[in-house]
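So the chains spell out like this:
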Amino acid sequence: MDLGTRLIAGPDGQAFPFDPGAFFLELLLTGGPDGDQRWELLRGPSDLAAWLVDSRLALTAPIDADDVRIRPAELRAIKQFRDTLWTVAHVVAAAEEPNEDELEFINAAAESSMRPRIALDTGVCEWATPITGSQVLGTAAREAIDVIGGDRIDRLRECEAEDCALVFLDTSRPGNRRWCSMQRCGNRHKVKAYRARHAKD
Ligand SMILES: [Zn+2]
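Residues numbered from 1 in each chain as written. Predicted model: local features only at pLDDT ≥ 70, side-chain atom pairs only at ≥ 80, totals over all residues. Heavy atoms only, no water.

Engineer: Got a minute to help me understand the coordination of the zinc ion in this structure?
Structural biologist: Those protein atoms acting as donors to the zinc ion are Cys-159 (SG), Cys-164 (SG), Cys-180 (SG) and Cys-185 (SG), and they sit at 2.3 to 2.4 Å. Given 4 donor atoms and angles of 101 to 116 degrees at the metal, the environment of the zinc ion is assigned as tetrahedral. Spacing between the donor residues of the zinc ion along their common chain follows C-x4-C-x15-C-x4-C. Note that Cys-159 is positioned in the loop between strand E7 (156-158) and strand E8 (167-169) and Cys-185 in helix H6 (residues 182-199), a separation of 26 residues in sequence. (Donors = N, O, S within 2.8 Å, 3.2 Å for Na, K, Ca; no water. Tetrahedral: all angles 85-135°; square planar, octahedral: opposite > 155°, others 65-115°. Helix = DSSP H or I, 4+ residues; strand = E, 2+ residues; numbered from the N terminus.)

Engineer: Quick question: what am I supposed to make of the pairing of strand E1 (residues 6-9) here?
Structural biologist: The side chains of a regular strand alternate between the sheet's two faces. Residues Arg-6 and Ile-8 of E1 are buried on one face, while the alternating residues Leu-7 and Ala-9, pointing to the opposite face, are not. Strand direction decides the pairing type here: E1 and strand E2 (residues 15-18), joined by 4 bridges, are antiparallel. Residue Ile-8 lies in a different strand from E2, and its bridge partner there is Phe-16. Linking E1 back to E2 in an antiparallel pair, the connection comprises 5 residues, with Gly-13 at a positive phi of about 85 degrees. (Buried < 20%, exposed > 50% of the residue type's maximum accessible area, 1.4 Å probe, protein only. Pairing = 2+ DSSP bridges.)

Engineer: When you look at a negative patch on the surface in this model, what are you seeing that I'm missing?
Structural biologist: A cluster of acidic residues, Glu-97, Glu-100, Asp-101 and Glu-104, forms a negative patch at the surface. In this structure, Glu-104 sits in helix H4 (residues 100-108). Among the residues examined, Glu-104 registers a relative accessible area of 49% and is labelled partly exposed. (Patch = residues over 30% accessible without salt bridge, like charges linked within 9 Å, V, L, I, M, F, W, Y side chains within 5 Å. Areas by Shrake-Rupley, 256 points an atom, 1.4 Å probe, with all protein chains shown as cover. Salt bridge = Lys/Arg side-chain N within 4 Å of Asp/Glu carboxyl O. Lys, Arg positive; Asp, Glu negative; His and termini not counted. Charge placed at Lys NZ, Arg CZ, Asp CG, Glu CD.)

Engineer: Help me understand the packing of helix H3 (residues 72-93) against helix H5 (residues 133-148) in this model?
Structural biologist: Each packed pair of helices is defined by two parameters, the angle between the axes and the distance between the axes. Across the interface, H3 lies against H5 with an axial gap of 10 Å and an inter-helix angle of 15 degrees. By the criterion of interaxial angle, the relationship of H3 to H5 is roughly parallel. Judged by the sense of rotation from one axis to the other, the crossing of H3 with H5 is left-handed. Between H3, through Glu-74, Ala-77, Ile-78, Phe-81, Leu-85, Val-88 and Val-92, and H5, the contact on the second element is made entirely by Gly-133, Ser-134, Val-136, Leu-137, Ala-140, Ala-141, Ala-144 and Ile-148. Looking at the contact of H3 with H5 residue by residue, the classes come out as 12 nonpolar, 2 polar and 1 charged. (Axes fitted to C-alpha atoms, helices over the stretch in contact; angles between N-to-C directions. Parallel < 35°, antiparallel > 145°, perpendicular 65-115°, else oblique. Left-handed = near helix turned anticlockwise from the far one by under 90°. Contact = heavy atoms within 4.5 Å. Nonpolar A, V, L, I, M, F, W, Y, C, P; charged D, E, K, R; others polar.)

Engineer: Looking at this model, I keep getting lost on the layout of surface pockets. Mind explaining?
Structural biologist: A probe as big as a water molecule, rolled over the atoms, marks out the empty space that is left. As a volume, the largest pocket reaches approximately 750 Å³. Along the wall of the largest pocket there are 27 residues; nearest its centre are Ile-8, Ala-9, Leu-29, Trp-39 and Leu-166. Secondary-structure elements contributing two or more residues to the lining of the largest pocket are E1, E2 and H6. Tallied by class, the residues present in the lining of the largest pocket amount to 19 nonpolar, 4 polar and 4 charged. Glu-160, Ala-161, Glu-162, Asp-163, Trp-179, Cys-185, Arg-188, His-189 and Lys-192 together form the lining of the second largest pocket. In the lining of the second largest pocket, the residues fall into 3 nonpolar, 1 polar and 5 charged. (1 Å grid on protein atoms, 1.4 Å probe; cavity = no way out; pocket = protein on both sides within 12 Å on 5 of 7 lines; lining within 4 Å. Points joined across faces, edges and corners; volume = space filled by probe spheres on them.)

Engineer: How should H5 be read in this particular structure?
Structural biologist: Within an α-helix, residues lying three or four positions from one another point in the same direction, as the helix has 3.6 residues per turn. With 16 residues, H5 extends 22 Å between its outermost C-alpha atoms, agreeing within 8% with the 22 Å of an ideal straight helix rising 1.5 Å per residue. Those residues of H5 that sit buried are Gly-133, Gln-135, Val-136, Leu-137, Gly-138, Thr-139, Ala-140, Ala-141, Ala-144, Val-147 and Ile-148. (Expected span 1.5 Å × (residues − 1).)

Engineer: Please clarify how the pattern of salt bridges should be interpreted in this entry.
Structural biologist: A side chain of one charge can pair with a side chain of the opposite charge if their charged atoms are brought near each other. Counted according to the given criterion, the structure contains 12 salt bridges. Among the salt bridges present, the one from Glu-160 reaches Arg-178, with a minimum N-O distance of 3.0 Å. Here Glu-160 is found in the loop between E7 and E8, whereas its partner Arg-178 is found in the loop between E8 and H6, with 18 residues between them in sequence. Measuring nitrogen to oxygen at the nearest pair gives 2.9 Å for the salt bridge that ties Asp-163 to Arg-188. Here Asp-163, found in the loop between E7 and E8, pairs with Arg-188, found in helix H6; they are 25 residues apart in sequence, far enough to count as distant. Given the relative accessible area of 57%, Asp-163 is considered exposed.

Encoded structure:
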């Protein structure tokens, strides 16, 4: 599977690939809001280190879990950020005004950032190491600020299926993405439309 595309389990237990289109939205997939432990993937710092290896950030340069240093307090901050972002992303996707305190929270999280650098031995891009939890947090926050405060805000959308709350950034050229995944909600919509058409016959 492509880096940054995650396998998600639907309510019926069927797995489908989902490309959230941005790292800060990919982070939302690591746990449910409000501390719902059933969906928590980041139970400890090593879980986040392992999760980053397959994340969209590895498109810039590979990430080795051994180069990631996350303190428990940093992990807590990342989860808090994730909860805030969950709310803000849905509000923005609904074209409503986000809460100022929540925006300030995202602003404050942007302090640090992962640093790409040119490796002197190979001449290709690598991540400066160690990668810290604050840097991971800041990288997600900066991206969120760039999207929410920029002209791509219209591309931040919630899947059109009524029973699906997945949020993505539409990175397609025509900008007409409607579904979290064609294999999931796109297909369910097609089946529904087909049945509706044939019910009239
Ligand atoms: Zn969906």
